[in-house]
Amino acid sequence: MSTRSLRDRHGRVATDLRVSLTDRCNLRCTYCMPEAGLPWLPKPTLLTDDEVVRLVGIAVSDLGVREVRFTGGEPLLRPGLPDIIAAVAALDPRPEISLTSNAIGLDKLAATLEEAGLDRINVSLDTLRPERFTELAKRDRLGATLAGIEAAAATGLAPVKINTVLMRGVNDDEAPALLRFALAHGYQLRFIEQMPLDAGGTWRREEMITAAEILESLKAEFDLTPDPAHRGSAPAETWLVDGGPAKVGVIGSVTRPFCGDCDRTRLTADGQVRNCLFARGETDLRGLARSGAGDDEIAARWQEAMWGKLPGHGIDDPSFLQPARPMSAIGG
Ligand code: SAM
Ligand code: SF4
């Protein structure tokens, strides 16, 4: 058991680590990445598989992290993913291991990842209409995403969670259809408010679809009652659909922020700790590790990075500045 923890000065303790394995992606969701892509991180700056496992090991064994989620960019593009998962599953204590993915290629990889030790998966799916998918993600890959989701569910990575971002005038009429689809297949659907993390800086508060609007549109077709289960540090507020047991979640990151209960710490693909999605600063663990620092020194630097976490993301503050990196390079 670790005796140390990732506390901040506001009383929160981070036990959930998000690890970005790459900033690259095979889609170009407009709220995340520009169509032309981005200048990718140079290969030498990326953590190697061994470095990822070492840093995750310090978080889990020395700093009290209990859940590790791999993300990106698109984490399925990382060739070493099964080996990284297997090595993390062998840590003591064994953390919960999950993945956030667009599911492209998962039809071929789901069984391997599950055998390696993956416990759960979240898949992003914003539309069920092929033309719309192409408009939204700039690639004609809806079929591949749906095949990946099916394979994950069939492999035992169930219940598959689906994340949906709604955008005004693009897919904001599809909330009920997506919920019908999720209910029919036994997937758990969560809507996420769009956050100012796109590469182009085009996000506008007054244009985003709010949690209240999402609920309104679902209530036109479904009976929603607040979920009596305890929410804890989970970002999603959940509702029972038509009396339950099926549920739907809404993550109101902007209009209903949950910063006071945040239990996350983040590691980017190039080895920088971020204490918040919206942090303006980062702490370089890659340089420290490559300079020969021991586990204790790295753990201490990680603790320092978290101690300075701000109480909230401040999106509503007039002085708010979007982080320099977009979502794809931070790791959503
Ligand atoms: N490529 C994987 C995927 O799409 O699931 C993992 C990385 S992606 C950055 C992780 C999550 O962030 C996805 O569910 C995506 O919808 C969400 N996301 C990306 N940009 C966002 C934004 N500006 N606001 C809200 N959610 C966003
Ligand atoms: Fe790629 Fe995920 Fe960003 Fe879409 S949201 S562009 S799938 S990283």
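These remarks concern the structure in this document. (Residues numbered from 1 in each chain as written. Chains lettered and ligands numbered in written order. Predicted model: local features only at pLDDT ≥ 70, side-chain atom pairs only at ≥ 80, totals over all residues. Heavy atoms only, no water.)

**Section: the overall build of the protein chain**
Broken down by element type, the protein chain carries 10 helices and 14 strands. Across its three principal directions, the C-alpha atoms of the protein chain cover 60 × 45 × 45 Å. When each of the 332 residues of the protein chain is scored for burial, the buried share is 54%. In the protein chain, once contacts between residues fewer than 6 apart in sequence are set aside, the share between residues at least 24 apart is 72%. As displayed, the protein chain offers around 14100 Å² of accessible surface, 52% of which is attributable to carbon and sulfur atoms. Seen as two clouds, the 39 positive and the 47 negative side-chain charges of the protein chain have centres 3 Å apart. (Helix = DSSP H or I, 4+ residues; strand = E, 2+ residues; numbered from the N terminus. Buried < 20%, exposed > 50% of the residue type's maximum accessible area, 1.4 Å probe, protein only. Contact = heavy atoms within 4.5 Å. Areas by Shrake-Rupley, 256 points an atom, 1.4 Å probe, with all protein chains shown as cover. Lys, Arg positive; Asp, Glu negative; His and termini not counted. Charge placed at Lys NZ, Arg CZ, Asp CG, Glu CD.)

**Looking at the site of ligand 2**
Around ligand 2 lies a shell formed by C25, L27, C29, Y31, C32, G73 and N102. Here the residues of the shell around ligand 2 sort into 5 nonpolar, 2 polar and no charged. (Near = heavy atom within 4 Å. Nonpolar A, V, L, I, M, F, W, Y, C, P; charged D, E, K, R; others polar.)

**Brief notes about the pattern of salt bridges**
Considering all chains together, one arrives at 19 salt bridges under this definition. A salt bridge links D16 to R18; the nearest nitrogen and oxygen atoms lie 3.1 Å apart. Note that E174 is salt-bridged to R132, the shortest N-O span being 2.7 Å. Here E174, found in the loop between β7 (161–165) and α6 (175–185), pairs with R132, found in helix α4 (residues 130–137); they are 42 residues apart in sequence, far enough to count as distant. Where salt bridges share partners, they join R129, R132, D173 and E174 into one cluster. (Salt bridge = Lys/Arg side-chain N within 4 Å of Asp/Glu carboxyl O.)

**Focus on the nonpolar core**
Core analysis: the largest hydrophobic core is formed by 99 residues, its most contacted members being V19, V56, F70, V248 and W302. The element that contributes the greatest number of residues to this core is helix α1 (residues 49–62), accounting for 7 residues. If we skip the residues at most four places from it in the chain, F70 touches V19, L21, V52, P75, I84, I85, V88, I97, S98, L99 and T100. (Core = buried A, V, L, I, M, F, W, Y, C linked by side-chain atoms within 4.5 Å.)

**Observations regarding the pairing of strand β6 (residues 120–124)**
Relative to β6, strand β5 (residues 96–101) is paired through 4 bridges, and the arrangement is parallel. Pairing of T100 across the sheet is with N122, part of β6. Regarding the hand of the β-α-β motif, the stretch spanning β5, helix α3 (residues 106–116) and β6 is right-handed. Strand direction decides the pairing type here: β6 and β7, joined by 3 bridges, are parallel. Each residue of the ladder has a partner; that of V123, found in β7, is I162. (Pairing = 2+ DSSP bridges. Right-handed = clockwise from strand over helix to strand, strands pointing away.)

**Notes on the state of the cysteines**
Following the criterion strictly, the structure yields 0 disulfides and no others. This cysteine, C276, is not joined by any disulfide, and C259 carries the nearest cysteine sulfur, 6.3 Å off. (Disulfide = S-S within 2.5 Å.)

**A look at the site of ligand 1**
Around ligand 1 there are 18 residues in total, and Y31, G73, E74, S124 and M195 lie nearest to it. The side chain of S124 places a nitrogen or oxygen atom 2.5 Å from an oxygen atom of ligand 1. Computed on the free molecule, ligand 1 has an accessible area of 540 Å², of which 95% lies beneath the protein chains in the complex. Listing elements by their share of the shell around ligand 1, those giving two or more residues are β5 and β7. (Polar contact = N/O pair within 3.5 Å; in protein donor to acceptor, adjacent residues only side chain to side chain.)

**Points about the packing of α3 against helix α5 (residues 142–155)**
Two numbers describe how α3 lies on α5: the axes approach to 8 Å, and their chain directions differ by 25 degrees. Regarding the angle of α3 to α5, the classification is roughly parallel. Classified by chirality, the crossing of α5 by α3 is right-handed. Contact residues: L106, D107, A110, A111 and E114 in α3; A147, G148, A151, A152 and T155 in α5. (Axes fitted to C-alpha atoms, helices over the stretch in contact; angles between N-to-C directions. Parallel < 35°, antiparallel > 145°, perpendicular 65-115°, else oblique. Left-handed = near helix turned anticlockwise from the far one by under 90°.)

**A closer look at the side chain of Q272**
As for its position among the elements, Q272 is in strand β13 (residues 272–274). Here the side chain of Q272 touches D270 through a polar contact of 3.1 Å, landing on its backbone oxygen. With sequence-adjacent residues up to four places away left out, Q272 is seen in contact with R266, L267, E282, T283, D284, R286 and R325.

**Re the pairing of β7**
Buried residues dominate β7, accounting for 4 of its 5 residues. Relative to strand β8 (residues 188–192), β7 is paired through 5 bridges, and the arrangement is parallel. What sits directly across from T164, in β8, is F191. In this region the chain leaves β7, passes through α6 and returns to the parallel neighbour β8; the handedness of that crossover is right-handed.

**What to know about the sheet that holds strand β12 (residues 264–267)**
One open sheet accounts for 12 strands, arranged β9-β10-β11-β8-β7-β6-β5-β4-β3-β12-β13-β14; its pairing is mixed. Of all the strands in the sheet, just β9 (224–226) and β14 (283–284) have a single pairing partner and so form its edges. Here 3 bridges tie β9 to strand β10 (residues 237–241), and the two strands are oriented antiparallel to one another. Directly across from T225, in β10, lies its bridge partner L240.

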